[in-house]
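Fold and geometry: a report
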Amino acid sequence: MHNRLRLILGIISRSSTTMSTPPFASERQLAISAVRRACVLTSSVFNKLVKNETLTKGDKSPVTVGDYAAQALISVMLTHAFPADPIVGEEDAAELRAEEGKTLRERIIELANQALVSPLVEGDKVEWGIGPGQTKTSAELLDAIDRGNYNGGRIGRMWTIDPIDGTKGFLRGEQFAVCLSLLVDAQVQVGIIGCPNLPFDASKPEGERGCIFVAVRGQGCHQIPLSSYTETRLTMPTFTPSSLNFLESVEALHSSHSTTDTISSILGITRPPVRMDSQAKYGCLARGDGGLYLRMPTGVGYREKIWDHAPGALLVEEAGGIVTDSRGLPLDFGLGRTLGENFGVVAAGKAVHAAVLDAVQQATGAKAKA
Ligand SMILES: Nc1ncnc2c1ncn2[C@@H]1O[C@H](COP(=O)(O)O)[C@@H](O)[C@H]1OP(=O)(O)O
Ligand SMILES: [Mg+2]
Ligand SMILES: [Mg+2]
Ligand SMILES: [Mg+2]
């Protein structure tokens, strides 16, 4: 009798746990913890970065010890929690394996291990390979970086990692972001973006800095301060064309400023653009710091990467916005590591997206004919 009662109570408690746990709860919790640790790691690197800790990659873009260490850290945590999930990460360890001497490698191992062993905080779980005593060897950490070599595709679960998005902004001491997403069958289900240098409240630029943006499909978009755990739900305010301002890259090589100038005048926008590095722009759009994010091809044949847009796109959609390319089509995260041919990105609130798209098409059509 006693055993039967225990069995019934067990079934009730198991089914109520299942019913009350929203989809992707564990993935969300892990992703927040990984991004939080990577934000601390990357900020500490900036404060101590010395010459020769930055390399230039084949595409001429910079990569620092912070990028490598943060990718190693996030990859270790993902692999402990979800060993079967492949990872599409920006960085690989080829340069580090070939390094003469071990200066960079040792610094990266030191940084990643410091982040892995730092004390558990709210939401952390020791079974993610973190907490006191959880150091990894150099070989394990290089392998963790290289786990990001998955080619992507349309089927199955996969994570994307951009350990430092906007490395140029990071090196200038401006905006950068730690970006993580979970794709399932090419749909973004979880998107997390940590922005250590971003003011928590745009109306207080000198106030507290550091925020994490979190979105799960169907569960909204939230902001959490880096310094605590309180979540605030974000909803994009409604802009009209007359109150619109837009967000765009600092780097004119990444997004054509002249095309956005033309779009701006077609829309009658008078407010100057807010230029900011990294996917922090998507977070700022989701919380209404700007009404529109435009990324217009510069004509150099660059292919946008899925890790540069997957988490940001979900933040904006879950805050009530629309994200498409300049043809009005959703971004396709199922093509591999890139988004394929570059048709730009147009992200805006529902009330203005159609008008913006119209202006983008006028501006780019006119450019194509000129
Ligand atoms: N030629 C390029 N065109 C567009 N984006 C680029 C180009 N080169 C690098 N990027 C990537 O653009 C993103 C930064 O964009 P933004 O200008 O919006 O800050 C980064 O992901 C950066 O990579 P990285 O992650 O290495 O910094
Ligand atoms: Mg890079
Ligand atoms: Mg990037
Ligand atoms: Mg990067």
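Residues numbered from 1 in each chain as written. Chains lettered and ligands numbered in written order. Predicted model: local features only at pLDDT ≥ 70, side-chain atom pairs only at ≥ 80, totals over all residues. Heavy atoms only, no water.

Details of the packing of helix α2 (residues 25-48) against helix α5 (residues 103-117)
In contact at an axis separation of 9 Å, α2 and α5 are set at 140 degrees when each is read in the N-to-C sense. The orientation of α2 relative to α5 falls into the category oblique. Here α2 runs over α5; the crossing is right-handed. Residues Arg37, Leu41, Ser44, Val45 and Lys48 of α2 lie in contact with α5, whose contacting residues are Arg107, Leu111, Ala112, Ala115 and Leu116. Grouping the constituent residues of the contact of α2 with α5 by class yields six nonpolar, one polar and three charged. (Axes fitted to C-alpha atoms, helices over the stretch in contact; angles between N-to-C directions. Helix = DSSP H or I, 4+ residues; strand = E, 2+ residues; numbered from the N terminus. Parallel < 35°, antiparallel > 145°, perpendicular 65-115°, else oblique. Left-handed = near helix turned anticlockwise from the far one by under 90°. Contact = heavy atoms within 4.5 Å. Nonpolar A, V, L, I, M, F, W, Y, C, P; charged D, E, K, R; others polar.)

Describing the coordination of the magnesium ion (ligand 4)
Coordination of the magnesium ion (ligand 4) by the protein is provided by Glu90 (OE), Asp162 (OD) and Ile164 (O), with metal-donor distances spanning 2.0 to 2.2 Å. Donor residues binding the magnesium ion (ligand 4) come from one chain and are separated in sequence as E-x71-D-x1-I. The distance between the magnesium ion (ligand 4) and the magnesium ion (ligand 2) comes to 3.4 Å, with glutamate 90 serving as a donor to both metals. In this pair, glutamate 90 sits in the loop between β3 (87-89) and α4 (94-97) while aspartate 162 sits in strand β4 (residues 157-165), placing the two residues 72 residues apart along the sequence. (Donors = N, O, S within 2.8 Å, 3.2 Å for Na, K, Ca; no water.)

Some words on the UniProt feature "binding site: Mg(2+) 2" (unreviewed entry) in the chain
Following the UniProt record, the feature "binding site: Mg(2+) 2" (unreviewed entry) maps to Glu90 here. With a relative accessible area of 21%, glutamate 90 lands in the partly exposed category. Sequence-distant contacts of glutamate 90, defined by excluding residues within four places in its chain, comprise Lys57, Gln71, Ile161, Asp162, Pro163, Ile164, Trp307 and Arg337. Of note is the side chain of glutamate 90, whose polar atom sits 3.0 Å from the side chain of lysine 57. (UniProt positions renumbered as here; feature names shortened; annotations may be inferred. Buried < 20%, exposed > 50% of the residue type's maximum accessible area, 1.4 Å probe, protein only. Polar contact = N/O pair within 3.5 Å; in protein donor to acceptor, adjacent residues only side chain to side chain.)

Details of the layout of surface pockets
Volume-wise, the largest pocket comes out at about 1,000 Å³. Contributing to the lining of the largest pocket are 46 residues, with Asp59, Ser61, His254, Tyr302 and Lys305 lying nearest its centre. At the level of secondary structure, the elements contributing two or more residues to the lining of the largest pocket comprise α4, β4, α7 (167-172) and β12 (292-295). Ranked by the residues each element gives to the lining of the largest pocket, the list is headed by β4, at three residues. Class assignment of the residues belonging to the lining of the largest pocket gives a composition of 12 nonpolar, 16 polar and 18 charged. Mapped onto the domain boundaries, the lining of the largest pocket takes at least three residues apiece from domain 1 (25-234) and domain 2 (241-369). (1 Å grid on protein atoms, 1.4 Å probe; cavity = no way out; pocket = protein on both sides within 12 Å on 5 of 7 lines; lining within 4 Å. Points joined across faces, edges and corners; volume = space filled by probe spheres on them. Domains from an automatic or database assignment.)

Observations regarding the UniProt feature "binding site: Mg(2+) 1" (unreviewed entry) in the chain
The residues that UniProt annotates with the feature "binding site: Mg(2+) 1" (unreviewed entry) are Asp162, Ile164, Asp165 and Asp308. On the basis of their most widely separated C-alpha atoms, the annotated residues across 147 residues gather in one place, lying no more than 10.1 Å apart. From this annotated list, the subset lining the largest pocket comprises Asp162, Ile164, Asp165 and Asp308. For aspartate 162, a relative accessible area of 1% puts it in the buried group. For aspartate 162, the contacting residues outside a window of four places in its chain are Glu90, Ala177, Val178, Cys179, Trp307 and Asp308. Relative to the assigned elements, aspartate 165 resides in strand β4. On the accessibility criterion, aspartate 165 (8% relative accessible area) is buried. When neighbours within four sequence positions are excluded, aspartate 165 is seen to be in contact with Phe176, Ala177, Cys179, Ser278, Gln279 and Asp308.

What about the packing of aromatic side chains?
Applying the stated rule across the entire model yields four aromatic pairs. Arranged with centres 5.8 Å apart and planes meeting at 70 degrees, the rings of phenylalanine 46 and phenylalanine 170 form a pair that is edge-to-face. Of this pair, phenylalanine 46 sits in helix α2 while phenylalanine 170 sits in helix α7; the two residues are 124 residues apart in sequence, bridging distant segments of the chain. Measuring from centroid to centroid gives 4.8 Å for tyrosine 282 and tyrosine 293, while their planes differ by 85 degrees, and the two rings are edge-to-face. With a gap of 11 residues between them, tyrosine 282 in helix α9 (residues 280-286) and tyrosine 293 in strand β12 connect regions that are remote in the sequence. Judged by relative accessible area, tyrosine 282 falls into the buried class, the value being 0%. Taken together through their ring pairs, the aromatic side chains of Phe46, Phe170 and Phe176 make up a single cluster. One cation-aromatic arrangement involves arginine 157 over phenylalanine 82; the distance from NZ or CZ to the ring centre is 5.1 Å. Directly above the ring of phenylalanine 343 sits arginine 327, whose terminal nitrogen or CZ lies 3.6 Å from the centroid. (Phe/Tyr/Trp six-rings, centres within 6.5 Å; stacked < 30°, edge-to-face > 60°. Lys NZ or Arg CZ within 6 Å of the ring centre and 35° of its normal.)

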